Amino acid sequence: MTPIRARIGVLGLALVAGLATPASATAAPVTAATAPAPTVEERRLDGDAPREILRRSGFASAAPAFARGLGRADSYREARRLVAREGSALWRRAVDRVQGRGPARGDLSRDDDRPLYWARLGMTRELRTWEPGFGLSERQRAALLGELERTSRGQRDIRLPQHRTGSGGGGKGVKRVLLTGFDPFTLDRDIRISNPSGAVALALDGTVIDTPDGPARVETAVFPVRWQDFAEGAVERALRPYLPKVDLFTTVSQGRVGKFDVERTNGAWRGGFPDNDNVSRTETVPVADPASQPQWTTTTLPYEAITAADTGRFPVLDNTAVTEIPAGGTEPVVRPDGPTPGSTAREGGGGNYLSNEIAYRATLLRDRLGLHGTLPGGHVHTPVLQFGPDNADPATGAVTDPDFVHNRLDIVAQTRAILAVAVSASGRDRS
């Protein structure tokens, strides 16, 4: 997820307080006159492509059914139960569809991540503009929206297995892997866009990968492409409980055309590219305890083994380049071999958008938890997911085509193979 340096793509946390300080919310009652309007992101639902994606996947009914449920709720407590239940159900429905369980309920290919994205926005729009008969404060509405976001993104559905051993205690344990993906983004450029990292998360959630070092169970979640959610600690809140318990983690996002990148270094800088609400932020990544905040964090994924392995049709690169302001300098300089001592970050290997930021937050959390030397973790950029050459024009193109599906399936399969190499090369059993 790096719009700088020819990157189109997107796409990994702190101690008890988290890396970021949540924004405060007022508790003023919401009336019909002050009920929030739909967000920029939610208003895109009225486009032809989102409606077609929802209809052709069977997800068009999700938001209307959710709205009917809200209409029957007669208290905040009942609404909270409904939101948690329906958000989790949406996540499981999307995972099941991608993984081939149950009816497809439409002719859109099962591997598609977009039905989840657009259905969630339909539900958040209904909740944001809901005017219940009972009093609902701004704080309560925000809490309901937060619950819907977390449950429908799989963040409340992470189920790490207990390590097992073979007969006689001599077998290898089941490794526990945590992977994150992202929503589609740059939708004003092309509203048809899918994000392969989100497709990877849906395809791999709850699956077991066989590796030479034993089986590995993968648990996944997805994150929004919004600066404010990250500033409010969404990444830390979701992932902090699990990093001490997993054997490997990787944040994943869409990166450059035609190649995978294992990002060696992550930088503490937001470059300002607009998010899905068309909001820009140009600043140091906001985290808790900024006095101890480093300018750079590094991957602990086994990048040499990953880049040397034959994992699929796309080349996989060890990306070491960064952009920095050197110590004592004033202007940004590109460093192909990583940062120099005392420099200030302007781009990590993954740029300075939210993919770099999730990697920075995840690896900073790893380090603040004291796990740098024992927990493999970092960021992988996938290739850009492209439509077929005859379907490239967003103004006239179809929402899917055979090349688009084939490319997404190949990216998902190769990410899975990269995970298998990473688990095997790490060779740790933390049982």
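Along every chain, residues carry numbers that run from 1 in the direction the sequence is written. Predicted model: local features are reported for residues with pLDDT of at least 70 only, side-chain atom pairs are reported and counted for 80 or more only, and whole-chain, interface and lining totals are derived from all residues. Note that water and hydrogens are dropped before the side-chain values are worked out from all heavy atoms of the structure.

(A) Expanded view of the packing of aromatic side chains. Centres within 6.5 Å are what make two rings of Phe, Tyr or Trp a pair, Trp counting through its six-membered ring; a difference in plane orientation under 30 degrees is then read as stacked, over 60 as edge-to-face, and the rest as tilted. One pass over the full model with this rule turns up 9 aromatic pairs. Taking 6.1 Å as the distance between ring centres and 45° as the angle between the ring planes, the aromatic pair formed by Phe 185 and Tyr 353 counts as tilted. One end of the pair, Phe 185, is in the loop between strand S1 (175–182) and helix H7 (196–204); the other, Tyr 353, is in the loop between strand S13 (344–347) and helix H11 (354–368), with 168 residues separating them in the sequence. The residues Phe 185 and Tyr 353 share a single accessibility class, namely buried. In this arrangement the basic side chain of Arg 346 is found over the ring face of Trp 269, its NZ or CZ atom lying 3.7 Å from the centre. Labels follow the DSSP assignment, with helices taken as runs of H or I lasting at least four residues and strands as runs of E lasting at least two, numbered in each case from the N terminus. Throughout this description, buried means an accessible area under 20% of the type-specific maximum (1.4 Å probe, protein chains only), exposed means over 50%, and partly exposed covers the range between. Sitting over a ring, as applied to charges here, requires NZ of Lys or CZ of Arg to be within 6 Å of the ring centre and within 35 degrees of the ring normal.

(B) The environment of Asn 195, seen in detail. Inspection of the secondary structure assignment puts Asn 195 in the loop between S1 and H7. We classify Asn 195 as buried; its relative accessible area is 0%.

(C) Quick peek at the side chain of Thr 363. Positionally, Thr 363 belongs in helix H11. Overall, Thr 363 belongs to the buried group, its relative accessible area being 0%. From its side chain, Thr 363 meets the backbone oxygen of Tyr 360 in a polar contact 3.2 Å long. Contact criterion: two residues are considered in contact whenever any of their non-hydrogen atoms come within 4.5 Å of each other. In contact with Thr 363, not counting residues within four places along its chain, are Phe 249, Asn 266, Thr 297, Thr 298, Gly 377 and Gly 378. Here a polar contact means two N or O atoms within 3.5 Å. Within protein one must be a hydrogen donor candidate and the other an acceptor candidate, and residues neighboring in sequence count only if both atoms are side-chain atoms.

(D) Representation of the layout of surface pockets in the model. Site definitions follow a grid-based scheme: protein atoms alone, a 1 Å grid, a 1.4 Å probe that fits but cannot get out for cavities, and for pockets an open set with protein on both sides within 12 Å along at least five of seven lines, plus lining residues having an atom within 4 Å of a point. Grid points are joined across faces, edges and corners, and a volume is the space filled by probe spheres set on the points. If you add up the space inside the second largest pocket, you get close to 300 Å³. In terms of lining residues, the second largest pocket is bounded by 17 residues, among which Asp 190, Ile 193, Val 384, Leu 385 and Phe 387 are the most central. The residue makeup of the lining of the second largest pocket, split by class, is 10 nonpolar, 5 polar and 2 charged. In this classification, Asp, Glu, Lys and Arg are treated as charged, Ala, Val, Leu, Ile, Met, Phe, Trp, Tyr, Cys and Pro as nonpolar, and every other residue, Gly included, as polar.

None of this, on its own, says anything about what the molecule does.
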